[in-house]
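Below, each chain spelled out in residue letters.
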Amino acid sequence: MSLEEILKDIELRGKQELDELRLYYEKKIEDLQAKQDRALNAQSEKIRKSTEEEKRTAERTIISSAEMEALNILRRKEGSLVEEAALKAELYLKNMRERKDYQEILAKMVEISRKTLGKDCRILASREDSSRISAEGAKIIVKEVDPFGGLKAESADGTRELDLTVTAIISELRERIVSQFYQHIGE
């Protein structure tokens, strides 16, 4: 083999090795690029999911706050309606003495008192109301028991008492109105 052929052979082998190295490193670069792309895609996906989760959390928080505010507004309105109904009932009852059937109401109160505490019970009523009451066998005592009317009754031995004053009735009705209202709306 001549020198020229040896040089050509060396040159050819050098070229082949250079091509092989180039191909090897191009493959390595492609693998690194693919690995980097996968890592970048994975990171992007992770950020996207995290952002979506934060967005959903923020939306849930905003919706929850809005729902709570709406519930508070509803409760305030319900409370206002209950108060309004109770005040109307109270106003109606406070003017009970002016009703045409007030004497009949007092008679029913006396009847209830006598059934509950005995026929010989003591009836306590204001001067104005005592003149409207007739209760055979029961002792009527003139005493200011309530500014709005009604009466109180005591058993003959003084151990039991019955409060049928307008104020006591208002208090009882207020509790019932509130209870019925909340039962009606599903509380």
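The following refers to the structure shown. (Residues numbered from 1 in each chain as written. Predicted model: local features only at pLDDT ≥ 70, side-chain atom pairs only at ≥ 80, totals over all residues. Heavy atoms only, no water.)

Turning to the nonpolar core, a few remarks are in order. Formed by 18 residues in total, the largest nonpolar core has its most connected members in Leu-106, Ile-123, Ile-133 and Leu-151. Looking at this core, the elements with two or more residues in it are helix 2 (102-117), strand 1 (122-125), strand 3 (150-154), strand 4 (161-165) and helix 4 (166-184). Once you skip the residues sitting within four places of it in the chain, Leu-106 turns out to touch Asp-129, Arg-132, Ile-133, Gly-150 and Leu-151. (Core = buried A, V, L, I, M, F, W, Y, C linked by side-chain atoms within 4.5 Å. Buried < 20%, exposed > 50% of the residue type's maximum accessible area, 1.4 Å probe, protein only. Helix = DSSP H or I, 4+ residues; strand = E, 2+ residues; numbered from the N terminus. Contact = heavy atoms within 4.5 Å.)

Pairing is possible between side chains that carry opposite charge, provided their charged atoms lie close to one another. Counted by the stated rule, this structure contains 18 salt bridges. A salt bridge links Arg-48 to Glu-45; the shortest N-O distance between them is 2.2 Å. With a gap of 3 residues between them, Arg-48 and Glu-45 both fall in helix 1 (residues 3-94), about one helical turn apart. The partly exposed category is assigned to Glu-45, whose relative accessible area is 30%. Where Glu-84 meets Lys-88, a salt bridge forms, and the shortest distance between an N and an O atom there is 3.5 Å. Remark: Lys-88 and Glu-84 occur in helix 1; sequence separation between them is 4 residues, near one turn of the helix. (Salt bridge = Lys/Arg side-chain N within 4 Å of Asp/Glu carboxyl O.)

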